[in-house]
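Take a look at the letters that make up each chain.
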Amino acid sequence: MKIGVVGLPNVGKSTLFNAITEAGAESANYPFCTIEPNVGVVDVPDERLQVLGKMYNTQKITPASIEFMDIAGLVAGASHGEGLGNKFLSHIREVDAIVHVVRCFDNDKIIHVSGSVDPVRDIEVINLELALADLEQVSKIYEKNAKLVKTGDKALAGSVDVLKKVKDHLEQGKCVRTLPLSEKERELLQSFSLLTAKPVIYVANIAEKNIMQGENDYSKKVEEFAKQEGSGCITLCAKIEEELISLPKEERPVYKQELGITESGLEKLVKASYDLLGLMSYLTAGEKEVRAWTIKKGTKAPQAAGKIHTDFEKGFIKAEVVSYDDLVEAGSFLKAKEKGKVRIEGKEYVMQDGDVVLFRFNV
């Protein structure tokens, strides 16, 4: 999974990126200090893996991972190339979801490109630029396909209807993700990698002084905006996250406790990302390796097996499945089997989060 981190300049994007990836990207009090996107691959926190690792005395633990891409600050006019906008917009097309960092703090020492803090205005600046970039792309494809339909290519008629609907929506400055579309219509649009069709998590970046309350008046506005749009939203303090990551690992829980923080920014982001994209993890366990595999909710056993290797899906016979909780309670896979907690599931079985699985297949 690849997630792009976007926002206006000087909102705390690179600070947050550094905190969640420990990548050490350049972060400064001036626009466009990030030119090429910084990329960091992050392990998905999952305490279950450590528990299973001890149970199986495993040689290796492999968590699921997320790739974060820190994309330079966008500004008004980005869709027409302002602030190297065209270059930055192309980076966003590559991601599965967007983390949109919104400034929700006052600080005279940190320049705001618009001269004042207004989270909803800032969100709308970015969203409009993404919508304008999409409109340019959709208009070209629509005109081309409409001409082909007129000359007798009826196969494109369906896509022309969808593109017209999307074009009208974008002309109003609205994001494609807010347009009611059928599953078939969404599938037709997938190949265009539209920026505003991508799911979004808004990150309200609050000041250190607001961390105990967990919100402020600015962040409440962001939450309300996200709710109306049907997008994800979390509130955190990027500066605190940066301080947290600078501490030795054994000291971090104490610092979090002092601030009343139950989850790190990374944990919040991962949880929000999984919820937004409809993802979950199943687990495999043995002496050689304990591993988490990320799949879409609703995935059936053969397709889940295919995540490990295509041969597993092709030659799928059955799956031996036990829930993580039942396995831990039993103490071992053998004891779980003796207690009747291990189930034999076939091709129609829909995987559940936390399933510990042993696939049987024949090539």
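This text gives an overview of the structure that appears in the document. (Residues numbered from 1 in each chain as written. Predicted model: local features only at pLDDT ≥ 70, side-chain atom pairs only at ≥ 80, totals over all residues. Heavy atoms only, no water.)

1. As for the overall build of the protein chain
- A count of helices and strands for the protein chain gives 14 helices and 12 strands.
- In terms of principal-axis extent, the alpha carbons of the protein chain reach across some 65 × 65 × 30 Å.
- Buried positions account for 50% of the 363 residues belonging to the protein chain.
- For the protein chain, contacts bridging at least 24 residues in sequence account for 68% of all contacts bridging at least 6.
- Each charge class in the protein chain can be summarised by its mean position, and for the 48 positive and 55 negative side chains these summaries are 5 Å apart. (Helix = DSSP H or I, 4+ residues; strand = E, 2+ residues; numbered from the N terminus. Buried < 20%, exposed > 50% of the residue type's maximum accessible area, 1.4 Å probe, protein only. Contact = heavy atoms within 4.5 Å. Lys, Arg positive; Asp, Glu negative; His and termini not counted. Charge placed at Lys NZ, Arg CZ, Asp CG, Glu CD.)

2. Describing the side chain of threonine 284
- Within the fold, threonine 284 resides in strand S8 (residues 279-285).
- Only 2.9 Å separates the side chain of threonine 284 from the side chain of tryptophan 293, close enough to count as a polar contact.
- Excluding anything up to four places from it in sequence, threonine 284 contacts Glu289, Val290, Arg291, Trp293, Ile308 and Val357. (Polar contact = N/O pair within 3.5 Å; in protein donor to acceptor, adjacent residues only side chain to side chain.)

3. Points about the packing of helix H4 (residues 119-150) against helix H7 (residues 217-229)
- Where H4 contacts H7, the two axes come as close as 8 Å, and the packing angle between them is 45°. Regarding the angle of H4 to H7, the classification is oblique. Of the residues in H7, those in contact with Pro119, Val120, Ile123, Glu124 and Asn127 of H4 are Tyr218, Lys221, Val222, Phe225 and Glu229.
- Split by residue class, the contact of H4 with H7 holds 6 nonpolar, 1 polar and 3 charged. (Axes fitted to C-alpha atoms, helices over the stretch in contact; angles between N-to-C directions. Parallel < 35°, antiparallel > 145°, perpendicular 65-115°, else oblique. Nonpolar A, V, L, I, M, F, W, Y, C, P; charged D, E, K, R; others polar.)

4. Some words on the pairing of strand S4 (residues 65-70)
- Looking at chain direction, strand S1 (residues 2-6) and S4 are connected through 4 bridges and run parallel. Paired with glycine 4 across the strands is methionine 69, a residue of S4.
- Relative to S4, strand S2 (residues 38-43) runs antiparallel, the two sharing 6 bridges. From the neighbouring strand, aspartate 43 faces S4, where its bridge partner is serine 65. (Pairing = 2+ DSSP bridges.)

5. Observations regarding the nonpolar core
- Judged by nonpolar contacts, the single largest core of 71 residues is most densely connected at Leu52, Phe68, Ile92, Tyr202, Val203, Leu269 and Leu327.
- Dropping the residues within four chain positions of it, leucine 52 is found in contact with Leu283, Ala285, Val290, Tyr324, Leu327 and Val356. (Core = buried A, V, L, I, M, F, W, Y, C linked by side-chain atoms within 4.5 Å.)

6. What about helix H8 (residues 238-246)?
- Within the span of H8, buried status applies to Ala238, Ile240, Glu241 and Leu244. One side of H8 carries all its buried residues, which in axial view fall inside an arc of 155°.
- Considering only its buried residues, H8 is in contact with helix H1 (13-21), strand S6 (200-206), strand S7 (232-236), helix H9 (252-259) and helix H10 (265-277). (Arc of directions from axis to C-beta.)

7. Thoughts on H10
- Here H10 contains 13 residues, and its C-alpha end-to-end distance of 18 Å stays within 8% of the 18 Å for a straight helix at 1.5 Å per residue.
- When we look at burial in H10, the residues that qualify are Gly265, Leu266, Leu269, Val270, Ala272, Ser273, Tyr274 and Leu277.
- At the C-terminal side of H10, glycine 278 shows a positive phi close to 65°. (Expected span 1.5 Å × (residues − 1).)

8. Some words on the packing of aromatic side chains
- Enumeration over the complete set of coordinates arrives at 5 aromatic pairs.
- Ring plane angle 20° and centroid distance 6.5 Å describe the contact between tyrosine 282 and tryptophan 293, whose orientation is recorded as stacked. In this pair, tyrosine 282 sits in strand S8 while tryptophan 293 sits in strand S9 (residues 290-296), placing the two residues 11 residues apart along the sequence. The same class applies to tyrosine 282 and to tryptophan 293, which are both buried.
- In textbook terms, an aromatic cluster arises when at least three aromatic residues are bridged by ring pairs, as seen for Tyr282, Trp293, Phe316 and Phe359.
- Sitting above the plane of the tryptophan 293 ring, arginine 291 keeps its charged end 4.1 Å from the centroid. (Phe/Tyr/Trp six-rings, centres within 6.5 Å; stacked < 30°, edge-to-face > 60°. Lys NZ or Arg CZ within 6 Å of the ring centre and 35° of its normal.)

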